[in-house]
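The residues making up each chain are set out below.
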Amino acid sequence: MSERVDEGLVDDGDERLRRWRLALGGAPGAEGTGYGLSGQDAAVDAALGALYDHGSDGPANQRGAGLGASAPRVARWLGDIRQYFPSTVVQVMQADAIERLNLTRLLLEPEMLDAVEPDVHLVGTLLSLNRVMPDKSKRAARKVVAKVVGELERRISQPTRTALTGALNRAARINRPRHHDIDWNRTIQANLKHYQVEQRTIVPERLIGYGRRAQAVQRDIVLCVDQSGSMAASVVYSGVFAAVLASMRSLKTSLVVFDTAVVDLTDRLSDPVDVLFGTQLGGGTDINRAIAYGQQLITRPRDTIFVLISDLYEGGIREEMLRRVAAMTAAGVQVITLLALSDEGAPDYDRENAAALAALGVPAFACTPDVFPELMAAAIEHRDLRGIMERAEAAKARK
């Protein structure tokens, strides 16, 4: 029995040494495990070394040959890491390679795009390059973007439709409902004064029910999205959400993206891939100009939800921006500011502007895509958003 335990301990020790050897690398004097690698472990070590054994100022040691500026070599390396690691790890390594080894320009090569593991961050990088991308690369890039968009739509479409359809129906309550349309909770609440002590029951004078699904537009939604470089993931999610919202007949959805200029992408909402290629990530920020344009789209203030998605670093006229927001809220527009719409952690943002908006009654917080449908449903019903804010911030903190 003791012999088996000893063997187990030796095996466990070897596995620990193997893992440390892969984590620390194999440069002379750099790791000290004394563990040799062979077979697939050696290939995994080489793939890691090509990326992580080289700093921004050149090679830190002589183990790996690096990736250099060779598109074929990088494409082979991308194929290797997809073979050795799960997709979540591959996505991290791709992002590290783009940052550490300055591979952004190589993404213009179709063979590179065929080798990458598509994800939201890669889409953001491709969108930042779409103005300089040759036609042969755009075709490959659209395939990458389309794959990510398709996955996002499958993830968010049904929850969004379900949450918003329910909210729209509840918002269209009627006072002469059929029996199966009665909202008993609200009916009881509205008739508490008619409680009959002797019968220990309520005799309702007024029935409150859910309205049947209306064909007419019930709410106008304006998404105003900052497309500065730091907002890349938010732009991707916003484009997909806007397309889903635009497909609902009870909503009139507008999508506006901005940097120092403003672009209205509403007419492209039938194709979210086309929407994303209509953006231009990077550049400055003029929130005031974007809000001014968004104000022109508002024809029914009390039935309009205006969602500003921005880190609030204003390059335009701050005081005028705040005056415009105040004017919208005074007219009855429900204004919400999302500092980020992504799965990432808490973003960097202008805290002074966020505080100024909060003083106007406009909440400003980061939101994950999973929370966004609940947020929009609450906005449609004019519910207090503080609970949503707390859940959104808690979800962000867990990332």
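Residues numbered from 1 in each chain as written. Predicted model: local features only at pLDDT ≥ 70, side-chain atom pairs only at ≥ 80, totals over all residues. Heavy atoms only, no water.

An unreviewed UniProt entry lists the chain under the name VWA domain-containing protein, with Dactylosporangium matsuzakiense as the source organism.

1. Looking at the sheet that holds strand 6 (residues 251-258)
Spatially, six strands are ordered 7-6-5-8-9-10 in an open sheet, and the strand pairing comes out mixed. What marks the edges here is a single partner per strand, and that holds for strand 7 (262-264) and strand 10 (364-367). The sheet shows a mean angle of 25 degrees between the axes of neighbouring strands, direction not considered. Summarising the sheet, strand 6 and strand 7 pair through three bridges and their orientation is antiparallel. If you follow Phe258 over to strand 7, its bridge partner there is Val262. (Pairing = 2+ DSSP bridges. Helix = DSSP H or I, 4+ residues; strand = E, 2+ residues; numbered from the N terminus. Axes fitted to C-alpha atoms, helices over the stretch in contact; angles between N-to-C directions.)

2. A closer look at the packing of aromatic side chains
Within the structure shown, the criterion is met by one aromatic pair. Aromatic side chains Phe241 and Phe372 sit 4.5 Å apart centroid to centroid with 50 degrees between the ring planes, which places their arrangement in the tilted category. With a gap of 131 residues between them, Phe241 in helix 9 (residues 232-246) and Phe372 in helix 14 (residues 372-380) connect regions that are remote in the sequence. Classification of Phe241 as buried rests on a relative accessible area of 0%. (Phe/Tyr/Trp six-rings, centres within 6.5 Å; stacked < 30°, edge-to-face > 60°. Buried < 20%, exposed > 50% of the residue type's maximum accessible area, 1.4 Å probe, protein only.)

3. Things to note about the layout of surface pockets
Space inside the largest pocket adds up to approximately 280 Å³. Lining the largest pocket are 14 residues, and of these Gln91, Asp119, Val120, Tyr237 and Asp343 sit closest to its centre. For the lining of the largest pocket, the secondary-structure elements that each account for two or more residues are helix 6 (120-129), helix 7 (135-171) and helix 9. The residue inventory of the lining of the largest pocket, partitioned by class, reads six nonpolar, three polar and five charged. (1 Å grid on protein atoms, 1.4 Å probe; cavity = no way out; pocket = protein on both sides within 12 Å on 5 of 7 lines; lining within 4 Å. Points joined across faces, edges and corners; volume = space filled by probe spheres on them. Nonpolar A, V, L, I, M, F, W, Y, C, P; charged D, E, K, R; others polar.)

4. As for empty space enclosed by the protein
All told, the structure shown has two cavities of 30 Å³ or more when counted by the stated rule. In this structure, the largest cavity encloses a volume near 70 Å³. Along the walls of the largest cavity sit eleven residues, with Leu78, Gln94, Ile98, Leu107 and Met112 positioned nearest its centre. Counting only elements with at least two residues in the lining of the largest cavity, the list comes to helix 3 (71-84) and helix 4 (87-100). In the lining of the largest cavity, the residues fall into ten nonpolar, one polar and no charged. Estimated volume of the second largest cavity: approximately 30 Å³. Surrounding the second largest cavity, Asp220, Ile221, Val222, Lys252, Ser254 and Leu297 form its lining. Elements supplying a minimum of two residues to the lining of the second largest cavity: strand 5 (219-226) and strand 6.

5. Quick word on the pairing of strand 10
Burial along strand 10 is two-sided: the residues Ala364 and Ala366 and Phe365 and Cys367 are all buried. As paired elements, strand 9 (residues 334-341) and strand 10 share four bridges and run parallel to each other. The residue of strand 10 that forms the bridge with Leu338 is Phe365.

6. A short note on the nonpolar core
Within soluble globular proteins, side chains that are nonpolar tend to cluster in buried spots. Trp77, Leu107, Leu126, Leu223, Leu338, Phe372 and Leu375 are the most contacted members of the largest nonpolar core, which has 82 residues in total. The leading source of residues in this core is helix 7, at eleven residues. Apart from the residues lying within four places of it in its own chain, the contact partners of Phe372 are Leu223, Phe241, Leu338, Leu341 and Cys367. Listed in part, the 23 residues of the second largest apolar core include Ile291, Phe306, Val335 and Leu339. (Core = buried A, V, L, I, M, F, W, Y, C linked by side-chain atoms within 4.5 Å. Contact = heavy atoms within 4.5 Å.)

7. Observations concerning the pairing of strand 8 (residues 304-309)
Most of strand 8 sits out of view: six of its six residues are buried. Across the two faces of strand 8 the burial is the same, with Thr304, Phe306 and Leu308 and Ile305, Val307 and Ile309 all buried. Of the pairings in the sheet, the one linking strand 5 to strand 8 comprises six bridges and is parallel in character. For Leu223, the partnering residue across the bridge sits in strand 8 and is Val307. In this structure, strand 8 lies alongside strand 9, joined through five bridges in parallel fashion. Its bridge partner lying in strand 9, Phe306 is registered against Val335. In the classification by handedness, the crossover that spans strand 8, the intervening helix 12 (residues 318-330) and the parallel strand 9 is right-handed. (Right-handed = clockwise from strand over helix to strand, strands pointing away.)

8. Examining unusual backbone geometry
A positive phi angle is found at Leu312, which is not glycine, with a value near 70 degrees. Counting through the fold element by element, Leu312 comes out in the loop between strand 8 and helix 12. Look at Leu312 and you get buried, because its relative accessible area is 0%.

9. Digging into helix 11 (residues 287-296)
Taken together, the buried positions of helix 11 are Ile287, Asn288, Ala290, Ile291, Ala292 and Gly294. As for helix 11, its buried residues are in contact with strand 5, strand 6, strand 7, strand 8 and helix 12.

10. Some words on the packing of helix 7 against helix 9
Two elements in contact, helix 7 and helix 9, have axes whose closest approach is 9 Å; the angle formed by their N-to-C orientations is 50 degrees. By the criterion of interaxial angle, the relationship of helix 7 to helix 9 is oblique. Here helix 7 and helix 9 pass one another in a crossing that is right-handed. For the pair helix 7 and helix 9, contact is made by Val149, Leu152, Glu153, Arg155, Ile156, Ser157, Thr160, Arg161 and Leu164 and by Val236, Tyr237, Val240, Phe241, Val244 and Leu245, respectively. (Parallel < 35°, antiparallel > 145°, perpendicular 65-115°, else oblique. Left-handed = near helix turned anticlockwise from the far one by under 90°.)

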